[in-house]
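Secondary and tertiary structure notes
Now for the letters of each chain:
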Amino acid sequence: MKTNNQQPTTNNQKGILLVNLGSPRSTSVPDVKEYLDEFLMDERVIDYRWFFRALLVKGIILNTRPAKSAEAYKTVWTDEGSPLIVITQKLQKKLQKLVDVPVEIGMRYAQPSIEAGIQKLVNQGVTEIVLFPLYPQYAMSTTETVIEKAEEVRKKSFPQVRINYIQPFYNRDIYIDCLAESIKEKLPENFDALQFSYHGVPERHIYKTDPTNTCNLNDCCSRESNPSHQFCYRHQCFDVTNSVIKKLGLPKEKVMVTFQSRLGKDKWMEPYTDETLETVGKIGVKNLAIVCPAFVADCLETLEEISVEGKHQFEHGGGENFHYIPCLNDEDRWVDVVKKLCEEKLNDFYRV
Ligand SMILES: C=CC1=C(C)c2cc3[nH]c(cc4nc(cc5[nH]c(cc1n2)c(C)c5CCC(=O)O)C(CCC(=O)O)=C4C)c(C)c3C=C
Ligand SMILES: [Fe+2]
Ligand SMILES: [Fe+2]
């Protein structure tokens, strides 16, 4: 790293792989179908046994959802491609200017894949990779599946490579400072409420990934400390919210936490973003600011589901001014945080 005085103890070449969720190749229905097939057949996303998962995904969801999702993707697609991928590429380019190890990107689903990203690094002589899952909070459908996939690919195709994984960073001061600053800059002067809308997960996922069996998806997620917090997505969402509002000096009464993007008939974490947006106007919230801190890059779920659909829901429910606060995207202060978190892990390699 350019700012790092420590010398590596070996001659191994290091590199960085930034990993995000991924998008379809294009907005055509077959490409969206192929993407959703790979995504939803992941056992850490729809966690039913293979037969029941295939029945639901291939037998039901893939018959109707691809056409609807393709229309939604068309509303956010840019000349350069999917916002999620374009923004991740911009982040990569900015980070590359700050560090002197190669930086590549890989997506958990579709292209450019994690395998392609590792291959690019290996082609540049890299044997030790810092892999950064770009999710602030831990979930089995995000961080865990990225690590599982990367390990599978490493064992199969790159057994000579070592990978050091960056852990969820929801409680890191540098991230909270960065998010709070970014929100502060974009908050409108007058707002009645600030809504934190996180991507939801089925409640079952939280129980399933709690090795301590102590999370009851109730008050324990808001407690300052509980053994389950390391793997509790719900706690980590509350923690980000509390830390940010403390930094911003906002009263709790002005803040809401909700969960968006549910799929299927399972019970997902509540309260739901869409239902809240439909009702807050009626209880006096006329001017609303909304932010989505489960995402570090704007994507379909923020640009369409929140900025477009969410705005309609809010206005339909009697709200007047809807203000969407963009994700960190390729803001310089966020690039700096990514650089610092990567540096820490590169230094871990130096220590061993
Ligand atoms: C930010 C963290 C995310 C979690 C947690 C997550 C869980 C999760 N998602 C689905 C189903 C869908 N998600 C879709 C899009 C999507 N999801 C995330 C992130 C998380 N998902 C992102 C960044 C995106 C946008 C991708 C893009 O190309 O912009 C979609 C596809 C779009 C659609 O058809 O609506 C689905 C489906 C489940 C089932 C789940 C946890 C169980
Ligand atoms: Fe919890
Ligand atoms: Fe999702």
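Residues numbered from 1 in each chain as written. Chains lettered and ligands numbered in written order. Predicted model: local features only at pLDDT ≥ 70, side-chain atom pairs only at ≥ 80, totals over all residues. Heavy atoms only, no water.

**Quick word on the pairing of strand S2 (residues 103-107)**
Along S2, 5 of the 5 residues are buried, which leaves the element largely enclosed by surrounding structure. Burial along S2 is two-sided: the face carrying Val-103, Ile-105 and Met-107 and the face carrying Glu-104 and Gly-106 are both buried. (Buried < 20%, exposed > 50% of the residue type's maximum accessible area, 1.4 Å probe, protein only. Helix = DSSP H or I, 4+ residues; strand = E, 2+ residues; numbered from the N terminus.)

**Some points on the coordination of the iron ion (ligand 2)**
In this structure, Cys-215 (SG), Cys-221 (SG) and Cys-232 (SG) serve as the protein donors to the iron ion (ligand 2), at separations of 2.3 to 2.4 Å. Expressed as a motif, the donor residue spacing for the iron ion (ligand 2) is C-x5-C-x10-C. Of this pair, Cys-215 sits in the loop between helix H7 (203-208) and helix H8 (233-248) while Cys-232 sits in the loop between H7 and H8, placing them 17 residues apart in sequence. What makes Cys-215 buried here is its relative accessible area of 6%. Taking the relative accessible area as the measure of exposure, Cys-232 reaches 1% and is therefore buried. (Donors = N, O, S within 2.8 Å, 3.2 Å for Na, K, Ca; no water.)

**A closer look at the domain arrangement of the protein**
The extent of an interface is frequently quoted as the accessible surface area lost upon association of the parts. Looking at the protein, the domain boundaries give domain 1 (14-169 + 332-349) and domain 2 (173-324). Measuring from the centre of the C-alpha atoms in domain 1 to the corresponding centre in domain 2 gives 23 Å. On the side of domain 2, 29 residues touch domain 1, which itself brings 31 residues to the contact. Carbon and sulfur atoms supply 69% of the area that domain 1 and domain 2 bury against each other, a total of about 2,500 Å² over both sides. Summed over the shared surface of domain 1 and domain 2, the result is 3 salt bridges. A salt bridge links Arg-333 to Glu-185, with the shortest nitrogen-to-oxygen separation between them at 2.4 Å. Inspection of the domain 1/domain 2 interface yields 7 residue pairs in polar contact (both at pLDDT 80 or more). For the side of domain 1 that touches domain 2, the secondary-structure elements that each account for two or more residues are helix H2 (50-76), helix H3 (83-98), helix H5 (140-157) and helix H12 (332-351). When grouped by side-chain class, the residues that make up the side of domain 1 that touches domain 2 number 21 nonpolar, 4 polar and 6 charged. (Domains from an automatic or database assignment. Contact = heavy atoms within 4.5 Å. Buried area = accessible area lost by both parts, 1.4 Å probe. Salt bridge = Lys/Arg side-chain N within 4 Å of Asp/Glu carboxyl O. Polar contact = N/O pair within 3.5 Å; in protein donor to acceptor, adjacent residues only side chain to side chain. Nonpolar A, V, L, I, M, F, W, Y, C, P; charged D, E, K, R; others polar.)

**With respect to the nonpolar core**
Ranked by internal contacts, the top residues of the largest apolar core, which has 115 residues, are Ile-16, Leu-18, Ile-183, Leu-194, Phe-196 and Trp-334. Viewed by domain, this core spans two of them, domain 1 (14-169 + 332-349) and domain 2 (173-324), each represented by three or more residues. Residues within four places of Trp-334 in sequence aside, it is in contact with Leu-91, Leu-134, Phe-169, Tyr-175, Cys-178, Val-296, Leu-328 and Asn-329. (Core = buried A, V, L, I, M, F, W, Y, C linked by side-chain atoms within 4.5 Å.)

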